[in-house]
Amino acid sequence: MNNIATWSVDNKVSAWLLVLVLLGGGFWGFAKMGKLEDPAFTIKMAKILTPYPGATAREVQEELTYHLEDALQRLPQLKRIKMSVSRPGLSDITIEFKDRYGAAEMPNIFDELRRKIADVRRELPPGAGEPLVIDDFGDVYGVYLMLTGVGYSWRDLYDTADALKRELVLVPGVRKVTIDGVQEEVVYVDISRARLGELGISPKQIAAVLGAQNSVVDAGNMPLGDEYLRLSPTGTYASVQAMGNTLISSEEGRLVRLRDVADITRAYRAVPRKLYYVNGEPGLSIGISMAAGRNVVEVGRALAARFEALRGSVPIGMRLDPVYSQPTEVENSVAGFVLSVAQAIAIVIVVLLLFMGLRVGIIIGSVLLLTVAGTLLFMHLGGIELQRVSLGALVIALGMLVDNAIVVAEGIQVRMQAGASARSAAGEAVGKTMIPLLGGTAIGILAFSPIALSTDNTGEFAGSLFWVILISLALSWLTAVSSTPLLFSLLMKTVPAADAGAYEGRLFRGYRVLLGQALQHRRMTLGAVLLMFVAAVMGFGQVKAGFFPASSTPLMFVDLWEPEGTDIRQTRDDARAVSGWLAGQPEVTQAAAVVGGPHQRFTLVYDAKESTPAYAQIVVRTETLAQQAPLRRRLEKMLAEHKPWLDPLVKPLRMGPGRDAKIEARFSGPDPVELRRLADRAKQLMRDDPDARDVRDDWRSPVKVLRPQFSEQLARRLGISREDLGDALKYGHDGAAAGTFRDGNRVLPVFIRATGGDRSDIGGLRDLQVWSPALGRSVPISQVVSGFETRWENGVIRGRNRQQTIIASCNPVGELTAPLFERLRPRIEALELPQGYSLSWGGEFEDARNAQGGLLSVFPAGILFMVLTTVFLFGKVRQPLIIWLTVPLAIVGITAGLLAADGAFDFMSLLGALSLIGLLIKNAIVLIEEMDQQLAAGKGLEEGILDAGVSRLRPVILAAATTILGLIPLLGDVFFVNMAVTIMAGLGFASLLTLFVVPTLYLLFFRQRAAT
């Protein structure tokens, strides 16, 4: 029989060329391909930040956020307005785009977004700033560093960081370098209230003089003979000290120098916006983003070499501390992959040696290595990087790749033992099994197709799993039917069999007896299987549910929330105290804190919070992952005892999509008061459950606001406007803007403010001076303010999809979310909602539903393709029907395995269950095809079934054993452990299905034909 097997044996040069191309190409592809920590993933989101100085949160929401959301709603690519946050003076809107759009389409979408925002600009209220569209906040800075230096100023740190940035952007593979935490330099002009009153000078006069004096003036040009000279008046300030020479006219018309009445200092902004600390030392963060598709390990080595070369340019006493290094993490992952491959190959060879002998074991092990090498080659050519998901797919595939080779090798070995030559044995074995193996391989690939077809973000995250499986399984079929015969012809010789048949060993005889009993008592066999199926379905309800696991990297986050309205300097002091406590713990190697906002995104799944003075986050690195749980308990106890006003959230580094709160109850409606009431009732129900922790809502606490009661009647007589009052209040505390000071490439804002004693004296608020144009002098603001009122107002108003929305949330005390959620859900849903209000569920429930829904929505298409493949393969109905009746029975092994291992059925387990379908169908196809061939050869029904089962016993056992044992390396990986348990336990039972249930069903379906 001439086919690809005989061609390989006859054309050894060409066959060996294929081997060399795959093997050499694999090593080349492995060296050149991109290596990442996480899959390349498009964050289809954008932020729109719009300042509205002086506005309350309610005014921002109604006058600013409303119009912006209205414009955003017209975007056809918009999926949802994920969150709108209206704070005093700032609108912060986060939007999501539809899942079907990829990275290549995002630039055009962002351009259209900017056009929509520009169109709505005329509808925004006076005083609102220019909306800023941020489309790169999803950038990942895989190398994340902190620059610190005891005794150095912020300016010194920035100058050093900027010098490093100019060098680092030149490293091949580096896309962007950003510096965060830079402290803004300003010029303060401090004048006492009393001195201003004596001189009869208003802060506005001083601001006008300073602004005009240091501005760039276009004085034009003048002709002079043949020349045309530019005119440039002098008088700009050469230094901050020179500002003191500015002449100011007093009320009597007397000129005084500014330095005689004011203290002029160059300083950092008194109220910082964002601060970084490493182990208690102040510093700046430096984030380095890699170019797409680059090998981050090589880029990391290039960066390390450049850092070493720049060591001399960093001042003594300054230090660069790495917070996170993606190249190091990737290098460890790749090293683990190489180890897993070596372990899997060793396992396969050992198993095959036990069952098939030394030479056959070497042949199949070589084919496995060849298939893996070819997979790496085509992964590189297809632009698939080595990352967490593709590495796991390769390890998963390792156990599956030998299936085809085992079936072919079994057929060739049996025929060569019967006296056939290597060529004829290969031709006959491949001729009989080539098409069934191709069909089984296609179905194994199609089982993973829902991952590729899913449009959900989680499907995109795990999408490379399908493509790696497709490449590897397709190559496994090609190498099985070509390279396996080639190696057999080289290493094996024809040895006539002994008198005993090829299937006369104890294993085969024992199986034949058991199968005969199962066929004889077929009703009892199928009844027992049906009982196990029912028990498994009922037991599956006891299996833990999950979404994505935590990372194995020993990092955890400590989020610290102060009461809303807290001064950022108080947040700083508390964060430094907590960070210092953490740094002093023996298991902690680093505590990197940020105050006033989030860290730069150093991993793909990092959840960056919006900036607020009441927020700080500490990234804590421990020596091992196991040390985090006891450290967390000690930390929470310390915070409860010594800083009870803080609202902490301690969380591990996630490995996949997810969010901080695993249980979220979202209430939407028009009235903020009613929304708070509903959220409070939901939070109380959460607190009543002893298994709930981290109970909070995302509107935070209301804030105090001091409201001077402006008397319009009195103010009009004095010629004082509400804006004049606001400027006077600014002068008395934060400082009123008074132009800028230009210093080379820096532009420093200038502020006029009261002296330190006056600024801190709230009792003297009434005595603040405001300039009266009608009187030509300053008067106390008490003459235009009838009183002061302290009120509470919402410091944060959040919305979702254009509805005001408040989220009450909590986390389970243990690992399991489902039991707590199932208890809380009916209680919270029992709350009576007023007309116009709604409740929806977020958290892990929504994430899992979306992720699994994305798969299940395309799952019917995948099943249809697999059904059609089986029908086309056999050209009949009964054989495919037998196969598909056995598929649901895989739940027996899945349930038993997850319950025994105390595992969870999470998203990765779902993928494992899909792969089980392919494995089960593939084995069943090969067995049923053999049964059909036995009957076609003229054997009786039961004899044909028994002979077919015995002839396929070894391939089925070996395929299951190599797959199950090949997954052992994944049991130590928290990301893939549940998937590995699902496949290992499910396949173990599926193999029994193939060997006993499939023959029994075949007997039932075909006994009428046999009787005829």
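How each quantity is defined
- Residues numbered from 1 in each chain as written.
- Predicted model: local features only at pLDDT ≥ 70, side-chain atom pairs only at ≥ 80, totals over all residues.
- Heavy atoms only, no water.
- Helix = DSSP H or I, 4+ residues; strand = E, 2+ residues; numbered from the N terminus.
- Buried < 20%, exposed > 50% of the residue type's maximum accessible area, 1.4 Å probe, protein only.
- Contact = heavy atoms within 4.5 Å.
- Areas by Shrake-Rupley, 256 points an atom, 1.4 Å probe, with all protein chains shown as cover.
- Lys, Arg positive; Asp, Glu negative; His and termini not counted.
- Charge placed at Lys NZ, Arg CZ, Asp CG, Glu CD.
- Expected span 1.5 Å × (residues − 1).
- Bend = angle between axes of the 7 residues up to and from the residue.
- Domains from an automatic or database assignment.
- Patch = residues over 30% accessible without salt bridge, like charges linked within 9 Å, V, L, I, M, F, W, Y side chains within 5 Å.
- Salt bridge = Lys/Arg side-chain N within 4 Å of Asp/Glu carboxyl O.
- Axes fitted to C-alpha atoms, helices over the stretch in contact; angles between N-to-C directions.
- Left-handed = near helix turned anticlockwise from the far one by under 90°.
- Nonpolar A, V, L, I, M, F, W, Y, C, P; charged D, E, K, R; others polar.

## Here's the deal with the overall build of the protein chain
Assigned secondary structure in the protein chain consists of 31 helices and 32 strands. In the protein chain, buried positions account for 53% of the 1012 residues. Within the protein chain, contacts between residues at least 6 apart in sequence are counted, and of these 81% link residues at least 24 apart. Accessible surface for the protein chain amounts to roughly 42600 Å². Of this, 57% is attributable to carbon and sulfur atoms. Charge separation in the protein chain, taken as the distance between the mean sites of 103 positive and 101 negative side-chain charges, equals 4 Å.

## Overview of helix H13 (residues 422–446)
For H13, with 25 residues, the first-to-last C-alpha span of 33 Å sits near the 36 Å given by 1.5 Å per residue. Remark: the principal bend of H13, roughly 45°, maps to Met434, with a proline, Pro436, within the next four residues.

## Looking at the domain arrangement of the protein chain
Domain parsing of the protein chain yields domain 1 (1–32 + 357–492), domain 2 (44–137), domain 3 (202–216 + 241–260 + 703–794), domain 4 (503–542 + 876–1011) and domain 5 (552–654). Averaged C-alpha coordinates put domain 2 and domain 3 at centres separated by 34 Å.

## Quick notes on a nonpolar patch on the surface
On the surface, Trp16, Leu353, Leu358, Ile362, Leu490 and Leu491 cluster together into a nonpolar patch covering about 520 Å² of accessible area. At the level of secondary structure, the elements contributing two or more residues to the nonpolar patch comprise helix H11 (358–381) and helix H16 (464–491). Overall, the relative accessible area of 32% leaves Trp16 in the partly exposed class.

## Topic: the packing of helix H27 (residues 878–886) against helix H29 (residues 907–936)
For the pair H27 and H29, interaxial distance at closest approach is 10 Å and the crossing angle is 145°. Note on packing geometry: the crossing formed by H27 with H29 is right-handed. Contacts from Gln879, Ile882, Ile883, Trp884 and Thr886 in H27 reach Ile917, Leu920, Ile921, Ala924, Ile925, Ile928 and Asp932 in H29. Classifying every residue of the contact of H27 with H29 gives nine nonpolar, two polar and one charged.

## Side note on H11
For H11, spanning 24 residues, the distance from its first C-alpha to its last is 35 Å, which sits close to the expected 34 Å at 1.5 Å a residue. Where H11 terminates, the next one or two residues include Gly383, which has phi positive at roughly 75°.

## As for the pattern of salt bridges
By the definition in use, this model includes 63 salt bridges. With a closest N to O distance of 2.9 Å, Arg823 and Asp689 form a salt bridge. Pair noted here: Arg823 is in helix H25 (residues 818–829) and Asp689 is in the loop between helix H21 (672–688) and strand S22 (692–697), with a separation of 134 residues, a long-range link. A residue is classified by how much of its surface remains accessible, and Arg823, at 27% relative accessible area, is partly exposed. Salt bridges sharing partners connect three or more residues here, namely Arg155, Asp159, Glu185, Arg266, Asp743 and Arg746.

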